[in-house]
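Residue strings, one per chain:
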Amino acid sequence: MPEIMKKCVVFLFVVVLCWNNAFSQNTEVDKVLLRSGEAYFGEVLLRNDELVMMKTQDGARFQFPVSEIKSIEKVSVADALRHINSEKMSNAVGNEQLSGMLEIAGAVGLAKNKFDAAPLGQISLSFGRQLLADKTLFIGIGTGIMSFIRPSGSEPFSFIPVFFRIKNNFSTQPNSPFFLFDGGYSFAVGKEHSGGLYTRISAGIQRSFSAKTTVFVGGFSSYQAFSSQLIETVDSQPFSYYGNAVAMNFGINAGILF
């Protein structure tokens with residue numbers, strides 16, 4: 001290769017390298033720092049007196065109330081990457097956030113040899129941790145009260161469930177489907193019956209209003225074992241006995257994660 005061509009190639013290589021370094025250093029992204037200490041990097045799409053909407057590097061969109069924001073500034077891509085990598089290192093040993101969940105539910109319950117159908121109301125409160133880097137997984141424990149509405153004059157039929165809860169949403173988008181599972185034991189309220197194993201499965205849609213607040217609504221089915229005075233018909237003759245039974249419940253639920 002002629003000497004002049006070698007010099008040209010070297011010159012072009014140096015120019016491209018310098019241009020690339022300068023471009024990398026000058027490229028900036030928006031940083032939204034919340035009062036909770038959480039930081040988000042990307043592009044601010046909307047900003048007004050009430051909220052800020054941001055699109056992060058992975059395409060997820062978030063909106064934050066202005067009251068929850070500590071600062072908004074431009075930072076270099078290098079600074080953003082350093083912050084993200086630092087968070088990933090801490091996530092390697094577990095990124096957790098203490099959260100609570102309040103939920104109400106309404107359903108219809110069916111219990112063979114006890115009642116054909118009865119309305120059911122339930123309220124529960126649970127506390128736990130939001131796990132993973134994007135906080136899509138909630139694991140906690142909870143309790144509440146569930147009551148079957150029986151005809152006037154019938155014995156009260158209520159339980160206090162104590163359960164282990166897992167809730168998972170399937171994306172970091174503001175609107176996302178979720179899956180929820182409860183498993184535990186319900187204690188009977190009153191002496192006329194006793195409690196038993198309790199499980200529930202729920203699925204639906206959730207809406208994230210901020211980094212901490214999520215509202216969800218869905219449908220569920222639950223299984224409640226119990227022991228009580230039952231009535232069974234054999235050869236057209238009813239007879240009463242104390243035994244084990246199961247209530248299968250189907251309904252809708254709504255709640256807030258905070």
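Residues numbered from 1 in each chain as written. Predicted model: local features only at pLDDT ≥ 70, side-chain atom pairs only at ≥ 80, totals over all residues. Heavy atoms only, no water.

> What should I look at first to understand the overall build of the protein in this one?
The secondary structure content of the protein amounts to 2 helices and 14 strands. Counting contacts in the protein only where the partners sit at least 6 residues apart, residues at least 24 apart contribute 57% of the total. When the accessible area of the protein is evaluated, it comes to approximately 14800 Å², of which 64% is carbon and sulfur surface. (Helix = DSSP H or I, 4+ residues; strand = E, 2+ residues; numbered from the N terminus. Contact = heavy atoms within 4.5 Å. Areas by Shrake-Rupley, 256 points an atom, 1.4 Å probe, with all protein chains shown as cover.)

> I tried to follow the side chain of Thr 214 on my own but got confused; where do I start?
Note on placement: Thr 214 falls in strand 13 (residues 214-234). A distance of 3.4 Å separates the side chain of Thr 214 from the side chain of Ser 208, its partner in a polar contact. Setting aside residues no more than four positions away along its own chain, Thr 214 makes contact with Gln 206, Arg 207, Ser 208, Gly 255, Ile 256 and Leu 257. (Polar contact = N/O pair within 3.5 Å; in protein donor to acceptor, adjacent residues only side chain to side chain.)

> Would you take a moment to explain the packing of aromatic side chains for this structure?
Geometrically, a pair of aromatic rings is defined through the distance of the ring centres and the angle of the planes. Within the structure shown, the criterion is met by 14 aromatic pairs. Ring centres of Phe 115 and Phe 157 lie 5.8 Å apart, and the angle between their planes is 85 degrees; on these two criteria the pair is classed as edge-to-face. A residue pair is termed long-range when its members are at least 10 positions apart, and Phe 115 in strand 7 (residues 115-131) and Phe 157 in strand 9 (residues 157-169) qualify at 42 residues. What makes Phe 115 buried here is its relative accessible area of 8%. The class of Phe 157 is buried, set by a relative accessible area of 1%. (Phe/Tyr/Trp six-rings, centres within 6.5 Å; stacked < 30°, edge-to-face > 60°. Buried < 20%, exposed > 50% of the residue type's maximum accessible area, 1.4 Å probe, protein only.)

> What exactly am I supposed to notice about the side chain of Glu 103 here?
Along the chain, Glu 103 falls in strand 6 (residues 97-111). Within the local environment of Glu 103, its side chain forms a polar contact with the side chain of Asn 253, the two groups lying 2.6 Å apart.

> Help me understand the pairing of strand 10 (residues 175-189), please; the structure alone is not making it clear to me.
Put simply, side chains in a regular strand alternate between the two faces of the sheet. Where strand 9 lies against strand 10, 12 bridges are found, and the strand directions are antiparallel. Within the sheet, the bridge partner assigned to Ile 166 lies in strand 10 and is Phe 181. Where strand 9 folds back on strand 10, the antiparallel hairpin that results is connected by 5 residues. For strand 10 and strand 12 (residues 196-208), the ladder comprises 12 bridges, and the chain directions are antiparallel. Its bridge partner lying in strand 12, Ser 186 is registered against Gly 196. (Pairing = 2+ DSSP bridges.)

> Just checking my understanding: could you explain the environment of Ser 171 for this structure?
Topologically, Ser 171 is positioned in the loop between strand 9 and strand 10. A relative accessible area of 24% means that Ser 171 is categorised as partly exposed. As for Ser 171 and Ala 60, which are separated by 111 residues in sequence, their C-alpha atoms are 8.8 Å apart. At 3.2 Å, the side chain of Ser 171 and the backbone nitrogen of Gln 173 are in polar contact.

> Please explain unusual backbone geometry as it appears in this structure.
The phi angle of most residues is negative, glycine excepted, and most peptide bonds adopt the trans form. Phi is positive for Asn 113, close to 70 degrees, though the residue is something other than glycine. Secondary-structure assignment places Asn 113 in the loop between strand 6 and strand 7.

> I'm lost on the sheet that holds strand 2 (residues 39-47) in this one. Help?
The pairing of strands in a sheet comes from backbone hydrogen bonds and takes either a parallel or an antiparallel form. Strand order in the open sheet formed by 5 strands is 4-3-2-1-5, and the pairing between neighbours is antiparallel. Unpaired on one side and paired on the other, strand 4 (61-65) and strand 5 (69-76) mark the two borders of the sheet. The average angle at which neighbouring strand axes cross in this sheet is 45 degrees, direction not considered. Two strands pair when backbone bridges link them, and strand 1 (residues 28-34) and strand 2 are joined in this way by 4 bridges, in the antiparallel orientation. Across the sheet, Lys 31 pairs through a bridge with Phe 41, a residue of strand 2. (Axes fitted to C-alpha atoms, helices over the stretch in contact; angles between N-to-C directions.)

> I keep staring at the pattern of salt bridges and nothing clicks. Help me out?
Pairing between side chains becomes possible if they bear opposite charge and their charged atoms approach one another. Under the defined criterion, the tally for this structure stands at 5 salt bridges. The partner of Arg 165 in a salt bridge is Glu 103, and the shortest N-O contact between them spans 2.8 Å. Here Glu 103 lies in strand 6 and Arg 165 lies in strand 9, a separation of 62 residues in the sequence. Its relative accessible area of 2% is what places Glu 103 among the buried residues. (Salt bridge = Lys/Arg side-chain N within 4 Å of Asp/Glu carboxyl O.)

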